[in-house]
Each structure stands twice: as C-alpha cells, then as structure tokens.
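Descriptive analysis of the structure
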Amino acid sequence: MDEKVFEIIDKESKRQESTIELIASENHVSPAVMKAVGSCMTNKYAEGYPGKRYYSGCENHDAIESLAIERAKELFNCNYANVQPHSGASANIAVFLAFMNPGDKYASLVLSDGGHLSHGLKINISGKYFEPVHYPLIYDEDDDGFETINYDAVREVCLEHKPKMLLCGYSAYPRIIHFDKMREIADECGAYLMCDIAHIAGLVAGGVHPSPFPHAHVVTTTTHKTLRGPRGGLILTNDEEISTKIDRAVFPGSQGGPLMHIISGKAVCFGEALQPEFKDYSRKIVENAQALAKGLSGRGFRLVSGGTDNHLMLVDLRKKLPDNTGKEVAVWMESAGMIANHNGIPKDPRPPMQTSGIRLGTPAVTSRGMGPKEMDQIAEWIDRVIISKGDVLVLAKIRKEIKKFCLNFPLPH
Ligand code: DSN
C-alpha cells in the first residue's frame, strides 16, 4: 500500500462525509460504480470499437463496451451511443470535429450567461479553431421570461449568421430547455442541433426534464453529474450517418485508447439509472432544488430567473450582500462546511474570478437521502453565513452543527 496516497484519499473521504456538497455538477456514486472504476479493466488497451480492436485480448472489453452502449441507448431512447469520450469537453470536441471544419460558425449561449467553456471560450479549442456566435437571455426585467433563453434572439442570430450548428444545453441555467423550439430554429436556418445535456442528463433519464430526442441531431453529456456515474462523456444520436462520423471523430479523430475501467463504470451507472428507483431519485433532486430555492427566497435572496425547474439555482448575492463577492461567500461557506462555487450571474458587473453569485445544486445532497426539511436547514445555514459576513466564530459554530448533521446522512457505501 502507498501510505502517502491512501492517507490523502482517506482524508478526502472524511471531507466528503463531513461536509454538505452543493456543487451542482458533483455527486456521490454507488459502491458498484466505484468498484468497476477501480477494477482490472484499467489494465487494457482497447483502441477501436467492439469487434474491431487494434489489440488482442479484448473479448471482455468488447462485452462491457457493448453492454454500456446498449444500456445508454435504452436509457435515452435513441439508436446510437458512443461511450468512449473521456469527458464532456472531449465529447463536444468530437462533435465539432464531426460536423465542422476549422473556421466554421456555430451558435451558442453567451458564455457568461451560463454556457460552458467548451461552447466557445476564446482560449478553448471551441473558440480558437471554430467561430462561435452567441445568443442571449432575456434581459428585460419586465418580461415574464426575465433571465431565460431568448428564443426569438436565437432565431435572429441563427438567421443572420447561418451557423453549421446550433448548440443548446448549459452549465448554469436553472430552467427547462425547450429542445423542440431549438430544433425548429435549427431547421429554419439549416443547422444541426447539438444538445449538451451534461448537467441535466440524470433528470432527462429520470423523466423530470424533457428529452432532447427526437429533436436533437446529436446529444453530448457527462456521466458524473445528475446521472451519478463515473467521470466521463457520452455521445448519442438517432442517425446512422452521424453516428459513423461521431465514432471516427472520437477514435482516431480526437482520442486514443478508451478508458475501459471508466466505460465499465458507465455501464453500471446506466444500469442503475434504468431502475425504477432512479426516477424517484431524479424527482427528489428537483423537489429538493425547489425547497432550497424557496428557503433562500423566503430569507430575502434573489435567484436568477426567480427560481429553478431543475437541479440548480444561481443566487444573486447583491441584494443581501452588495459589498462582498461570490468568491468570498464560497470561501465562508467552505469554512462552515458547505461546498459551493462562485458563479457569474447574467450581466454580472464583477469579473469571473470574483462574481456576484453562487451556484447551488442538489444532486449530491439528494444522493445522501436529504429531503425538503434539510434543504430549509441548509438555506438557514447559508443565510447565517451571509448575515455574519464571514465572522469566524459564527462559521465555526455552523461547522460544528453541520458535522453533527452529516452523521445522519452517510455517503453511499
Ligand atoms: N465544471 C462543470 C460544472 O461545474 O458545471 C462543467 O463542466
């Protein structure tokens, strides 16, 4: 045993056990996922696809990858799946490679309004080698749809720029995405529709967010957020020709050997998400998010777009705390035992490293068995942290309360 390494891992396990995880993109996987990821499947090179490998000795890797593919197709009700992408960003790169040439245009959300860095950040491959044009949210406070996707503007941007692809799906967007409207717009301007459902995949699988199918030409996702699998990516489509292009764009286009231990964990995760209990889990994620949103709104916080339909919310801190940043609040919360990330809010006057907001999500707390009552307790702790403006004595007192509270909600073992 490597004592140094395992001592650190043990500390991490204790940190996870004794804190409340509110990062919207994180979760606690099952022991079966953990076992598959830590298995001998890590030892093998399996470049290629099932039945078409470049190395010998792949029969079990063929079997596990085929199983993962079949389960992914069943789970998302589609015809083709590529389970090899190492991450969500890798999945996105593969789709870009499959559909576009360098310099081609695609449309995505203004990144600071909730997009992802792989949707066109200037210093990311998606912004460096391709040309993003961005569509906005609704910024008019008097509009019923304040801070939600401005579908009219999506249409205008697409008709003006004629992008090869229209990309929807976001990292910090608390509302339902209308994939049907996006497809109408894509068809109108002759673009492919790409839906990146990394954040909401578990909600889609559980039936509590509309599916991107049959609207999307291609869907990308991660497997480790609401879907509660190992860290990794996945690409789905209903179109045979597109699936062939995608397979080539993943291997050999942008990746070498697949991570077979991770693919094994994905197979387990998809199997778990196909169970009836997963529907219940995804419903509870949303119920908890709404309870947390209510607890915060009731204590005077402003939430971007006024609330949430999914697993996350963006808290605009300016109303309660005009002189402090989201970054400071995330640090205070960590001292108190609550883990969240600072996050820009639409039209944020502060830079991304400071921000005026924090993002909160409920996938991980729901996996620990917490419910609406606990969400209200968490809202109360957040409120106390903020009212105290980071007072160390208050933070230490809350830290103690949270340690005790966490004992009642063990991690999945
Ligand atoms: N970093 C992830 C998130 O937190 O949303 C997106 O990849």
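In what follows, the structure referred to is the one given above.
This section reports on the structure supplied with the text.

1. Digging into the site of the ligand
The local shell around the ligand consists of S25, H116, S171, H199, K225 and R359. A distance of 2.7 Å separates an oxygen atom of the ligand from a polar side-chain atom of S25. One nitrogen or oxygen atom from the side chain of H116 is found 2.9 Å from an oxygen atom belonging to the ligand. Expressed as a share of its isolated accessible area of 230 Å², the protein-covered part of the ligand is 64%. Residue composition of the shell around the ligand, by class: no nonpolar, four polar and two charged.

2. As for the sheet that holds strand β9 (residues 218-222)
Across the sheet, seven strands lie side by side as β4-β10-β9-β8-β7-β5-β6; this open sheet has mixed pairing. Only two strands of the sheet have a single neighbouring strand rather than two, namely β4 (80-82) and β6 (131-135). For this sheet the average axis-to-axis angle between neighbouring strands, irrespective of direction, equals 20°. The pairing of strand β7 (residues 165-168) with strand β8 (residues 192-196) spans four bridges and is parallel. Bridge assignment links L167 to a residue of β8, and that residue is M194. On top of the sheet, helix α4 (residues 88-99) reaches β5 (105-109), β7, β8, β9 and β10 (233-237); it is set at about 160° to β9, its chief contact.

3. With respect to the pairing of β10
For β10, a buried count of five out of five residues is recorded, marking the element as mostly surrounded by other parts of the structure. The pairing of β4 with β10 spans three bridges and is classified as antiparallel. For Y80, the partnering residue across the bridge sits in β10 and is T237. Sheet topology note: the β9/β10 ladder contains four bridges and is antiparallel. Note that in β10 the partner of T222 across the bridge is G233.

4. Focus: the sheet that holds strand β12 (residues 312-316)
With respect to topology, four strands assemble into an open sheet ordered β11-β12-β15-β14, the strand pairing being antiparallel. The open sheet is flanked by β11 (302-303) and β14 (341-343), the only strands paired with a single partner. Where β11 and β12 come together, two bridges link them in antiparallel fashion. Within the sheet, the bridge partner assigned to L303 lies in β12 and is V315.

5. Re the side chain of D113
Within the fold, D113 resides in the loop between β5 and α5 (125-128). Of the side chains with opposite charge, K347 lies nearest to the buried D113, which makes no salt bridge, at 6.6 Å. At 2.4 Å, the side chain of D113 forms a polar contact with the side chain of Y139. Beyond its immediate stretch of four places on either side in the chain, D113 contacts P136, L137, Y139, A172, P346 and K347.

6. A look at the packing of aromatic side chains
This model, assessed by the stated rule, comprises nine aromatic pairs. Connected via pairs of aromatic rings, a cluster forms that spans F96, Y106 and F130. Positioned above the aromatic ring of Y139 is the side chain of K347, whose terminal nitrogen or guanidinium carbon lies 4.3 Å from the ring centre.

Calculation criteria
- Residues numbered from 1 in each chain as written.
- Predicted model: local features only at pLDDT ≥ 70, side-chain atom pairs only at ≥ 80, totals over all residues.
- Heavy atoms only, no water.
- Near = heavy atom within 4 Å.
- Polar contact = N/O pair within 3.5 Å; in protein donor to acceptor, adjacent residues only side chain to side chain.
- Areas by Shrake-Rupley, 256 points an atom, 1.4 Å probe, with all protein chains shown as cover.
- Nonpolar A, V, L, I, M, F, W, Y, C, P; charged D, E, K, R; others polar.
- Pairing = 2+ DSSP bridges.
- Helix = DSSP H or I, 4+ residues; strand = E, 2+ residues; numbered from the N terminus.
- Axes fitted to C-alpha atoms, helices over the stretch in contact; angles between N-to-C directions.
- Contact = heavy atoms within 4.5 Å.
- Buried < 20%, exposed > 50% of the residue type's maximum accessible area, 1.4 Å probe, protein only.
- Lys, Arg positive; Asp, Glu negative; His and termini not counted.
- Salt bridge = Lys/Arg side-chain N within 4 Å of Asp/Glu carboxyl O.
- Phe/Tyr/Trp six-rings, centres within 6.5 Å; stacked < 30°, edge-to-face > 60°.
- Lys NZ or Arg CZ within 6 Å of the ring centre and 35° of its normal.

Structural measurements only, silent on function.
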